[in-house]
Amino acid sequence: MDRIWKWVSGFGAVLLLLSHVTSGLEVPLDLPQPPTITQQSPKDYIFDPRENIVIRCEAKGKPHPSFSWTRNGSHFDVEEDPKVLMSPGSGTLTIDISGEKAEAYEGMYQCRAQNQHGTALSNKIFIRQSRSPLWSKEVNEPIMVQTGISLVLHCRPPTGLPPPVIFWMDNSRLFLFINIFFMSQILSDFQNDYICYARFPHTQTIQQKQPISVTVMNSSPEGDRRPGFMLPLGSTSTKMVLRGQTLALECIAEGLPTPSISWHKIGGELQSGRTVFYNFNKTLMISNVNEGDAGDYRCTATNKLGSVHHIIKVTVKAAPFWVSAPRNLILAPNETDSLTCRVDGDPKPNISWFVNGIPIESDRKVEDDTVILSNVQTGTSAVYQCNASNEYGYLLANAFVSVLAQRPRVLTPPNQVYRVITNNPALLDCSSFGSPIPTITWFKDFQVSVRNADPYVIHENGSLEINMAQPLHSGNYTCIATNNLGREENHVSLEVKEPTRILKQPEYRMVQRGMSVVFECQVKHDSTLTPTMTWLKDSVELPPDERFVVSKESLIINDVIDDDKGTYTCIANTILDQDSASATLTVVEVPDPPTDLELTDQTDRSIQLTWTPGDEHNSPVQSFLIQYEDLLHQPGVWVNLTEVPGSSITAQLLLSPYVYYSFRVQARNQVGYSQPSDSSAKYLTNPAPPDENPSNVQGVGTKPDNLVITWTPLTGFQSNGPGLKYKVHWRQKDVEKDWSSVNVTNSSHFIVTGTQTYVPYEIKVQAFNDYNHGPEPEVVIGYSGEDVPLSAPDDVQVKVHNSTLAEVHWEPVPTQSVRGKLQGYKLYYRRERGLHGTEEEFDQQEQHLTFNGNRSEGMLPGLQPYSVYSLYIKVLNSKGEGPPSPILTFETPEGVPGPPSFLRVINPGLNSLTLNWGPPVNNYGRLTGYTLNFQPVNTTNELGPLRKFSFKANETTFTLSSLNSSVLYKFYLSATTVRGPGPNITEEAYTAMDIGESCPTEPPHQTPPITQSLQPTFHKVPPVGPVFGTVNASAIEGGAVISWEYFGHHKNVFVEYNVENSKEDWKRELVNGTHSHTIKGLKPGTTYRVCVLARDGADQTVHKTNEVSVTVPAVPNRQIDIATQGWFIGLMCAIALLILVLLIVCFIKRNKGGKYPVKEKEDAHQDPEIQPMKEDDGTFGEYSDTEDHKPLKGSRTPSNGTVRRDESDDSLVDYGEGGDGQFNEDGSFIGQYSGKKEKDTHEGNESSEAPSPVNAMNSFV
């Protein structure tokens, strides 16, 4: 599996670094600066006369420069020539040469870009028209040459501009060289025409030379000869090439046989990266020539007769080339600096300096390739030109000197975020400008100074490079540009990310056609980067097929076909890096069936089978399975014959006689078996006697007087010929000498009658057919039939080992009385009764044990102690059982008793418990007494000290005293015989506890007896009896507090409650781990039923206390101070106004002398306290009960639920129909306001102050 790591960020960082280091000084375009040429045409400009001439010249500067041109050293007035157009804002010229002679515009052009700060010059651009002249007319005489003679054909094309590309052609071949060289000419090389073509690239025209006819004569061919050079001539020649160009060296040699050409540089080696050989090594080309390529090159031509050498002396000249071009300078006033123009070439170039296009004056200090600029002043900005030339070319460079004072300016955009991958370079840009040139300093996280030391590198242009960024380098960076005029800073941040890694790569898969395959590709990446997963097949995108299912971390290919094979690559891409991994898919299938089955080398017992393997389907064949069909005996049934390795295509097969064979072959690879091949030709072998006899010969009697002989017959394939029969032989072993025999046909058994009972016989069965008998058969031993045994075992004896085990001995019966194969002895036994005489006797079922083989003793386990047993024995063969032996009786001794039949705790007292028990069901002996052990169990289920009591056999009741009240005790009781104590029966019980006045606890739960060993194996026991003690309940405002005593171990304890006499469901609250609980949110004035219950998830028993009742105290109605309510003030004003009106009316009537009876006054003028009430229900017409529960200021509600008077004796009782102030269940007032106040003096509610309407309303809810 291939794995490719690509780091995009690292590569980008390196490119960015190079561009910063090599770029020239950039001045912001908003600052004054001299012109700079940004684009110009090449020095040698060859134009096509069918197109316009475009001479480019672009420049920048502040202010934007103006442009002018010179041609052939003189000013070129562009405006005077209508055919010449200069682009606006640019110096680019477009010359329209249509309809004009293009030669008129040939010459040397140079562009000048100038502004008030200086003048920049372009290169001198040599403009020439491309030329493709016609071939001069010539007549080429036919050339006749003898076979074997070498020949050179010369092309000599016309001179063009640029020079043409030459190639030759005949009717079938193309040659790309100036000269064509034929060696060892033969008759078949005769051609009518060889034509040279010259292709002129600028005009895209091809000129054709007149055909050259060559005739090869076959008479008197030349013989072999040594090599000789046809080109170049002589033993040495010279070649000059310019630096940077391509050197082409050519050697053409003649000779017979054709010589081979080799090249060697004397005193050096050929550079493999730049050296190429063409035309059967005849041409050596070296690209991008440098001074090291100069020297002597030896060309060697070699054939079997010898070799010849030619030396070409190569010299390398050089047009001027830059060593260090002058760079722009930004100088502050009074600074000193220099411009350097370092060039090289061969011959050494001459250097000339110009300023603004004018030769430099003598007042400026020039030292060869350097101009010294001393103490520059404002206004002396200029563009300097350096011109270096020799006979092979020239170089021209512009470098401006801008004199200005400028505070630092950071050109890099602020707050940039740089993201790189761990272990890759990070480059933080800090491009700046200022005059004097600012110094750059860097800080990390606003406080740590970054110095130019590992791992940091601060470049000349201010950029900060981190060679191998690590997560600790992440943070905020500040670059500060400083000069004497000020400073400016810029903030950037660096984030170093974790690399993207493919953790689980796709693995090689081999899958069967039609199945599905999964390629996994699990990626780990930086949490802040989101990768995208791309899958490729054979380096291209997946085909648009719905069978390809791409998920986040896998590729599934369903229903695989043969075309799916290939290499699959998963690529995890982020914006910074990527990782990829590949795996190969091989699509396999079962092989195609073999073909072309052929039978050779036939004999009676062997044959050779040959076949052609089918397609393996990408899984090598591991083996070939050869099958045969027996058309004579089992037509249609194919049988596996043999299997040969997959590398074989032939097999030597062993055959059987009298079989009509047909063969087929199946190929097997890792996937499975192929389909069977077509059947081979058929082949019938000759008959022969049987090669084998029947197998599995046996003799077994089915009756006491017969012997049944059976065998497995031969198949038709095994018969080896027609007329298959079997000859059966038998005789009584060690008695008869002669064999009895019989021939059997079409059967596999024979019955011999009149035999003795169970005697051995020697038996053999031989196969034979029409061609002879088979091999001599093997003799096997069989037995005639069995009968039931005649005798019973004698002298049966019993030895009792203990109360549950006895050993039985007997005398084996004589062998002859068994009358069959002895299987063993069968012992029958039964418990007759117990020896203690007190237990009730039941009919005991007879049991038996079988002892296999010829035994004379056996062990009889599992007996009951203190019992009487009887037994007898029979002998056993495969036919049945013999007669029984005489019955023998024996007794077992006493054993330990069973557990007591019951154990009960009765009459529990505060400090005593009475125990009652029953005797064991099975004593297994004479009972001697009882043993009682008991111990207390505390609330954490831990056992206390053990105490012991012993009792006589007739004692079954005992009272334990001096016990602690409310304590759980655990009891262990066992019965005892002379053999020791029996198993325990256990019980648990609580002593009585003091019952409080609250709800009674539940009665103790009775636990059934548990039989356990004397020493308990546990340290904690589950509690038995009541788990709850006293339960108390007390009421609080809006709730109730419940407390209880708890002795249980249950995990879940709940408090349940419900409104008394309510049919609603009980509410439950979990109260684990506590003995008290506060129920909140109960309705005031309501009585609730409360109980506590406990249960476990595994134990379905629920322990529950009796219910207790608790009444939640009523809460008095909340009063509202209506004296400050707006509606009440309005109402009082209305009443006052009404009273005033009534008084006025009364006053008027009184003045008129009218009568005003007192009764009428009382009827018309009610008590002002009850004036605003309605007549129908006695309530206020405007009163709203929305503020029922807001208490009046200064009111208090005691915890006992009563309302206490503070400063006023007025109450609702004074104004109601009754004096009880009853409340309903929700705490609201039951009584109605009557509109009339009655006071009974005997109730003690008299007041010296008459109640006012305000007081009445303040008391009303």
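Residues numbered from 1 in each chain as written. Predicted model: local features only at pLDDT ≥ 70, side-chain atom pairs only at ≥ 80, totals over all residues. Heavy atoms only, no water.

As recorded by an unreviewed UniProt entry, the protein chain carries the name Neuronal cell adhesion molecule and is attributed to Nothobranchius furzeri. The Subcellular location (unreviewed entry) comment attached to the protein chain in UniProt states, word for word, "Cell membrane". Among the UniProt annotations of the protein chain, the heading Sequence similarities (unreviewed entry) holds the following wording: "Belongs to the immunoglobulin superfamily. L1/neurofascin/NgCAM family." (UniProt positions renumbered as here; feature names shortened; annotations may be inferred.)

A tally of regular secondary structure across the protein chain gives seven helices and 98 strands. Residues counted as buried form 42% of the 1261 residues belonging to the protein chain. For the protein chain, long-range pairs separated by at least 24 residues make up 67% of all intrachain contacts whose partners lie at least 6 apart in sequence. Summed over its atoms, the accessible surface of the protein chain is roughly 67800 Å², and 50% of this surface lies on carbon and sulfur atoms. (Helix = DSSP H or I, 4+ residues; strand = E, 2+ residues; numbered from the N terminus. Buried < 20%, exposed > 50% of the residue type's maximum accessible area, 1.4 Å probe, protein only. Contact = heavy atoms within 4.5 Å. Areas by Shrake-Rupley, 256 points an atom, 1.4 Å probe, with all protein chains shown as cover.)

Looking now at the confidence of the model for the protein chain. On average, residues of the protein chain score 81 in pLDDT, and 82% of them are at 70 or above. Contacts of residues 181–188 to residues separated by more than four positions or lying in other chains number 33 contacts, the stretch itself having pLDDT below 50. (pLDDT = per-residue confidence, 0-100.)

Next up on the list: unusual backbone geometry. Backbone phi values are negative for most residues with the exception of glycine, while trans is the configuration of most peptide bonds. Cis rather than trans, the peptide bond between Leu 256 and Pro 257 has omega equal to 0°. Within the secondary structure, Pro 257 sits in the loop between β24 (252–256) and β25 (260–265). Note that the residue after Ser 435, namely Pro 436, is joined by a cis bond; omega there is 0°. The phi dihedral of Asn 375 falls on the positive side, at around 50°, and the residue is not glycine. If you trace the backbone, Asn 375 turns up in the loop between β36 (370–373) and β37 (382–390). Asn 375 gets classed as partly exposed once you look at its relative accessible area, which sits at 44%. The phi dihedral of Tyr 758 falls on the positive side, at around 45°, and the residue is not glycine. Within the secondary structure, Tyr 758 is located in the loop between β70 (749–753) and β71 (760–769).

For the structure on display, the rule yields 23 aromatic pairs. Residues Tyr 869 and Phe 890 carry aromatic rings whose centres are separated by 5.7 Å and whose planes lie at 15° to one another, so their mutual orientation is stacked. Note that Tyr 869 is positioned in strand β79 (residues 867–877) and Phe 890 in strand β81 (residues 888–891), a separation of 21 residues in sequence. In this structure Phe 890 comes out as buried when scored by relative accessible area, which is 7%. Considering the side-chain rings of Trp 917 and Phe 951, the 5.2 Å spacing of their centres and the 50° angle between planes classify their relative orientation as tilted. On the criterion of sequence distance, the pair formed by Trp 917 in strand β83 (residues 913–920) and Phe 951 in strand β85 (residues 947–952) is long-range, its members being 34 residues apart. Among the residues examined, Trp 917 registers a relative accessible area of 2% and is labelled buried. For Phe 951, a relative accessible area of 9% translates into the label buried. Through successive ring pairs, a cluster of aromatic residues spans Trp 917, Tyr 930, Phe 934, Phe 949, Phe 951, Phe 958, Tyr 969 and Phe 971. (Phe/Tyr/Trp six-rings, centres within 6.5 Å; stacked < 30°, edge-to-face > 60°.)

What follows covers the sheet that holds strand β55 (residues 548–550). The pairing of strands in a sheet comes from backbone hydrogen bonds and takes either a parallel or an antiparallel form. With antiparallel pairing, three strands are arranged side by side in an open sheet as β51-β56-β55. Of all the strands in the sheet, just β51 (517–520) and β55 have a single pairing partner and so form its edges. Geometrically, the sheet is characterised by an average inter-axis angle of 15° between neighbouring strands, direction not taken into account. Where β51 meets strand β56 (residues 554–557), four bridges bridge the pair, whose relative direction is antiparallel. For Val 517, the partnering residue across the bridge sits in β56 and is Ile 557. (Pairing = 2+ DSSP bridges. Axes fitted to C-alpha atoms, helices over the stretch in contact; angles between N-to-C directions.)

This part is about the side chain of His 729. On the secondary structure map, His 729 appears in strand β68 (residues 725–732). Among all residues touching His 729, those that are not within four sequence positions of it are Trp 739, Ser 740, Ser 741, Glu 762, Ile 763, Lys 764 and Gln 766.

Here we come to the sheet that holds strand β35 (residues 365–367). Reading across from one edge, β31-β36-β35 is the order of the three strands in this open sheet, with antiparallel pairing throughout. Taken across any chain shown, the strands that pair with only one partner, and hence form the sheet edges, are β31 (337–340) and β35. Strand-to-strand, the axes of this sheet are offset by a mean angle of 25°, without reference to chain direction. Pairing between β35 and β36: three bridges, direction antiparallel. Looking across to β36, one finds that Glu 367 is bridged to Thr 370.

Attention now goes to the state of the cysteines. What the rule picks out here adds up to five disulfides. Two residues share a disulfide in this structure: Cys 57 and Cys 111, whose sulfurs sit 2.1 Å from each other. Disulfide Cys 57-Cys 111: torsion about the S-S bond near -75°, hence left-handed. Remark: Cys 111 occurs in strand β10 (residues 107–115) and Cys 57 occurs in strand β5 (residues 57–62); sequence separation between them is 54 residues. (Disulfide = S-S within 2.5 Å.)

All chains considered together, the criterion is met by 36 salt bridges. Ionic pairing is found between Arg 547 and Asp 564, a salt bridge with its closest N-O pair at 2.8 Å. On the criterion of sequence distance, the pair formed by Arg 547 in the loop between β54 (540–541) and β55 and Asp 564 in the loop between β56 and β57 (566–573) is long-range, its members being 17 residues apart. A relative accessible area of 3% means that Asp 564 is categorised as buried. Note that Glu 762 and Arg 731 form a salt bridge whose closest N and O atoms lie 2.6 Å from each other. Here Arg 731 lies in strand β68 and Glu 762 lies in strand β71, a separation of 31 residues in the sequence. The residues Glu 762 and Arg 731 share a single accessibility class, namely buried. Three or more residues are tied together by salt bridges with common partners; here these are Arg 419, Glu 495 and Lys 497. (Salt bridge = Lys/Arg side-chain N within 4 Å of Asp/Glu carboxyl O.)

Right, let's talk about the environment of Asp 538 for a bit. Examined against the element boundaries, Asp 538 turns out to sit in the loop between β53 (532–537) and β54. Sequence separation of Asp 538 and Tyr 568 is 30 residues, and the distance between their C-alpha atoms is 6.3 Å. Looking at Asp 538, its side chain comes within polar contact range of the side chain of Lys 537, at 3.3 Å. (Polar contact = N/O pair within 3.5 Å; in protein donor to acceptor, adjacent residues only side chain to side chain.)

Here we come to the nonpolar core. In this structure, Ile 53, Ile 55, Trp 69, Ile 95, Tyr 109 and Ile 127 are the most contacted members of the largest nonpolar core, which totals 30 residues. Secondary structure elements with two or more residues in this core: β3 (44–47), β4 (53–55), β5, β6 (66–71), β9 (93–95), β10 and β12 (125–129). Examining the composition of this core, we find that three residues originate from one element, β10, more than from any other. Setting aside anything within four residues of it in sequence, one finds Tyr 109 in contact with Ile 55, Trp 69, Thr 70, Arg 71, Phe 76, Ile 95, Asn 123, Lys 124, Ile 125 and Ile 127. (Core = buried A, V, L, I, M, F, W, Y, C linked by side-chain atoms within 4.5 Å.)

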